[in-house]
Amino acid sequence: MIEAMIAERMGRLGTETAFEVLARARALERQGKSVVHLEIGEPDFDTPAHIRDAAKRALDAGATHYGPSAGLPELREAIAEHIEKTRGVPVTPDEVVVTPGAKPIMFFVIMALTNRGDEVVYPNPGFPIYESVINFVGGVPVPIPLLEETGFGFDLRELERRVSRKTKLIIINSPENPTGGVLSPEDVGRIADLARHYRVPVLSDEIYRRFLYEGEFASVASLPGMKPQTIILDGFSKSYAMTGWRLGFGVMPKPLAEQLTRLMTNSASCTATFIQHAGVAALRGDDTPVQQMVEEFRQRRDLVVDGLNRIPGVTCARPRGAFYVFPNVKALGRPSKEVATHLLEQAGVAVLGGTAFGEHGEGYLRLSYAASRETIREALARIERGLGSLR
Ligand SMILES: Cc1ncc(COP(=O)(O)O)c(C=O)c1O
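Fair warning: this is a prediction, and the values are worked out from it, not measured in the lab.

Draft legend 1. Spatial organisation of a nonpolar patch on the surface. The grouping of Met1, Ile2 and Met5 at the surface amounts to a nonpolar patch, some 410 Å² of accessible area in total. Note on placement: Ile2 falls in the segment before helix 1 (17-30).

Draft legend 2. Expanded view of the sheet that holds strand 10 (residues 324-325). Spatial strand order, 10-13-12: three strands in an open sheet with antiparallel pairing. Unpaired on one side and paired on the other, strand 10 and strand 12 (352-353) mark the two borders of the sheet. Here two bridges tie strand 10 to strand 13 (residues 365-368), and the two strands are oriented antiparallel to one another. Of the residues in strand 13, the one forming a bridge with Val325 is Leu367.

Draft legend 3. Up close: the pattern of salt bridges. Within this structure, the stated rule accounts for 26 salt bridges. Between Arg210 and Asp287 there is a salt bridge, with its nearest N and O atoms 2.7 Å apart. Here Asp287 lies in the loop between helix 9 (273-284) and helix 10 (288-309) and Arg210 lies in the loop between strand 7 (202-205) and strand 8 (230-235), a separation of 77 residues in the sequence. With its nearest N and O atoms 2.7 Å apart, the salt bridge here joins Arg382 to Glu378.

Draft legend 4. Representation of the pairing of strand 8. In terms of residue burial, strand 8 counts as a mostly covered element, since six of its six residues are buried. Residues Thr230, Ile232 and Asp234 point to one face of strand 8 and Ile231, Leu233 and Gly235 to the other, with burial holding for every one of them. Pairing of strand 8 with strand 9 (residues 248-251) involves four bridges; the strand directions are antiparallel. From the neighbouring strand, Ile232 faces strand 9, where its bridge partner is Val251.

Draft legend 5. Just the site of the ligand, in detail. Surrounding the ligand, one finds 14 residues, the nearest of these being Asp205, Tyr208, Ser237, Lys238 and Arg246. In the model, an oxygen atom of the ligand is placed 3.0 Å from a nitrogen or oxygen of the Lys103 main chain. Within the side chain of Asp205, one N or O atom sits 2.6 Å away from a nitrogen atom of the ligand. Across the complex, the protein chains shield 94% of the 390 Å² of accessible surface that the ligand would expose by itself. Taken together, the residues of the shell around the ligand sort by class into six nonpolar, four polar and four charged.

Draft legend 6. A look at the sheet that holds strand 6 (residues 167-173). Ordered by their spatial adjacency, eight strands build an open sheet running 2-9-8-7-6-3-4-5, and the pairing between neighbours is mixed. Two strands in the sheet have a free side with no partner beyond their single neighbour: strand 2 (96-99) and strand 5 (153-154). Examined bridge by bridge, strand 3 (residues 119-124) and strand 4 (residues 140-147) share six bridges and lie parallel to one another. Note that in strand 4 the partner of Val120 across the bridge is Pro141. Helix-sheet contacts for helix 3 (residues 73-87) involve strand 2, strand 8 and strand 9, and the interaxial angle to strand 2 is about 115°.

Draft legend 7. Geometry of the packing of aromatic side chains. Scanning all chains against the criterion turns up 16 aromatic pairs. When the centroid spacing of 5.8 Å and the interplanar angle of 70° are considered together, the rings of Phe236 and Phe249 count as edge-to-face. Placement of the pair is Phe236 in the loop between strand 8 and strand 9 and Phe249 in strand 9, with a sequence separation of 13 residues. There is no split in this pair, since Phe236 and Phe249 are both buried.

Draft legend 8. How the structure looks around the packing of helix 3 against helix 9. Relative orientation of the contacting elements helix 3 and helix 9 amounts to 25°, with a least axis distance of 9 Å. The pairing of helix 3 with helix 9 is recorded here as roughly parallel in orientation. The handedness of the crossing between helix 3 and helix 9 is left-handed. Here helix 3 contributes Glu74, Leu75, Glu77, Ala78, Ile79, Glu81 and His82 to the contact with helix 9, which in turn contributes Gln276, His277, Gly279, Val280, Leu283 and Arg284. For the contact of helix 3 with helix 9, a count of residues per class yields five nonpolar, four polar and four charged.

Draft legend 9. Spatial organisation of the environment of Pro224. Turning to its location among the elements, Pro224 is positioned in the loop between strand 7 and strand 8. A residue is classified by how much of its surface remains accessible, and Pro224, at 64% relative accessible area, is exposed. With 99 residues separating them along the chain, Pro224 and Pro125 place their C-alpha atoms 29 Å apart.

Draft legend 10. Examining unusual backbone geometry more closely. Note the cis peptide between Ser174 and Pro175, where omega equals -15°. Positionally, Pro175 belongs in the loop between strand 6 and helix 7 (185-198). In the segment running from Asn177 into Pro178, the intervening peptide bond is cis, with an omega of 20°. Residue placement: Pro178 occurs in the loop between strand 6 and helix 7. Residue Ser269 is not a glycine yet carries a positive backbone phi of 70°. For Ser269, the location among the structural elements is in the loop between helix 8 (254-266) and helix 9. Of note in this structure, Ala322 is not a glycine but carries a positive phi near 55°.

Draft legend 11. Structural detail: the pairing of strand 6. Across the seven residues that make up strand 6, a large majority, six, are buried. Pairing of strand 3 with strand 6, which is carried by three bridges, proceeds in the parallel orientation. Bridge pairing links Val120 to Leu169 in strand 6. Considered for its hand, the β-α-β crossover made up of strand 6, helix 7 and strand 7 is right-handed.

Criteria and thresholds
- Residues numbered from 1 in each chain as written.
- Predicted model: local features only at pLDDT ≥ 70, side-chain atom pairs only at ≥ 80, totals over all residues.
- Heavy atoms only, no water.
- Patch = residues over 30% accessible without salt bridge, like charges linked within 9 Å, V, L, I, M, F, W, Y side chains within 5 Å.
- Areas by Shrake-Rupley, 256 points an atom, 1.4 Å probe, with all protein chains shown as cover.
- Salt bridge = Lys/Arg side-chain N within 4 Å of Asp/Glu carboxyl O.
- Helix = DSSP H or I, 4+ residues; strand = E, 2+ residues; numbered from the N terminus.
- Pairing = 2+ DSSP bridges.
- Buried < 20%, exposed > 50% of the residue type's maximum accessible area, 1.4 Å probe, protein only.
- Near = heavy atom within 4 Å.
- Polar contact = N/O pair within 3.5 Å; in protein donor to acceptor, adjacent residues only side chain to side chain.
- Nonpolar A, V, L, I, M, F, W, Y, C, P; charged D, E, K, R; others polar.
- Contact = heavy atoms within 4.5 Å.
- Axes fitted to C-alpha atoms, helices over the stretch in contact; angles between N-to-C directions.
- Phe/Tyr/Trp six-rings, centres within 6.5 Å; stacked < 30°, edge-to-face > 60°.
- Parallel < 35°, antiparallel > 145°, perpendicular 65-115°, else oblique.
- Left-handed = near helix turned anticlockwise from the far one by under 90°.
- Right-handed = clockwise from strand over helix to strand, strands pointing away.

Shown next, in the form of structure tokens:
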């Protein structure tokens, strides 16, 4: 009965296929099948010990009560300092909003800025939640293709054609999920020029900032005049292997931060208090475990890229960032979703079809290499066998 009563807007809400494929893979495992997991984007490392200890200490010290909706002052201060140091722009704690994971920042920013009919520009292939939330709030999604030829950077000519007075928000994500592509400083500069010209805010999803294997990180917020129209989305999930803790943040002009704080009051109330104390320890404590993890990921990237390029029918660019590869499987002549399903069901390796990230992902697969080298070697062997039986 309740099914017929679901609000119309729910029909516009999308999903994140990684969680669905994970559920299907787990169901196969329950039937006794062996599955190698390269579908979900989370580091296989444990959260560093000093961060876990800080959470335990906070729990024992009674940090078990509600806190301010925008986050604990000490964490907002630590984030402001961290952003100032890493992006080179002055930030005050009242420009910071702490949320359970970084995803709510995406949801809240799109909701707070987009009126019905407003256009929102975003990368395709890209993180599927952008498009899902744009549709949900009644905005008009304007996808910009990412091109393999330019290391999965934006098709800038297309971007220049599509940004106009109707654009309400530009979303960028570098390093990128799902391609591992990194926007060059020149690209970031051109995006900023457009944003300034049309006075459009930019939501800069920088959650993979630490996973950069070549070159320097360029934040659009650091460019002259851009801070007042930039929202930085970042968090702890990936950099500190804290996906299950749910801790993220946004940095934005104060009037928008106030709106996001109201959205927090209306939804989660606040982010778990003892977990925020762990966040302070992550930002202020020893950074060595993060550097070691990133170095290990660089080696895994090379292992997976070299291995994929040896498989007939597959070519794989070497991404400069994140922990994903986006191999081209167009030579197989099959829809990428079908290839991914075949690999899961026949070869026991869970990967995602590129179209899980938008129509321009057709012809590609996404593999997360946030898995041990042994797992990656096993996955490569299974992919080779599985694709062999597809032809
Ligand atoms: C591009 C991108 N942004 C944001 C997030 C959300 O991170 P969190 O787990 O902190 O909500 C993810 C997670 O997969 C992501 O890939």
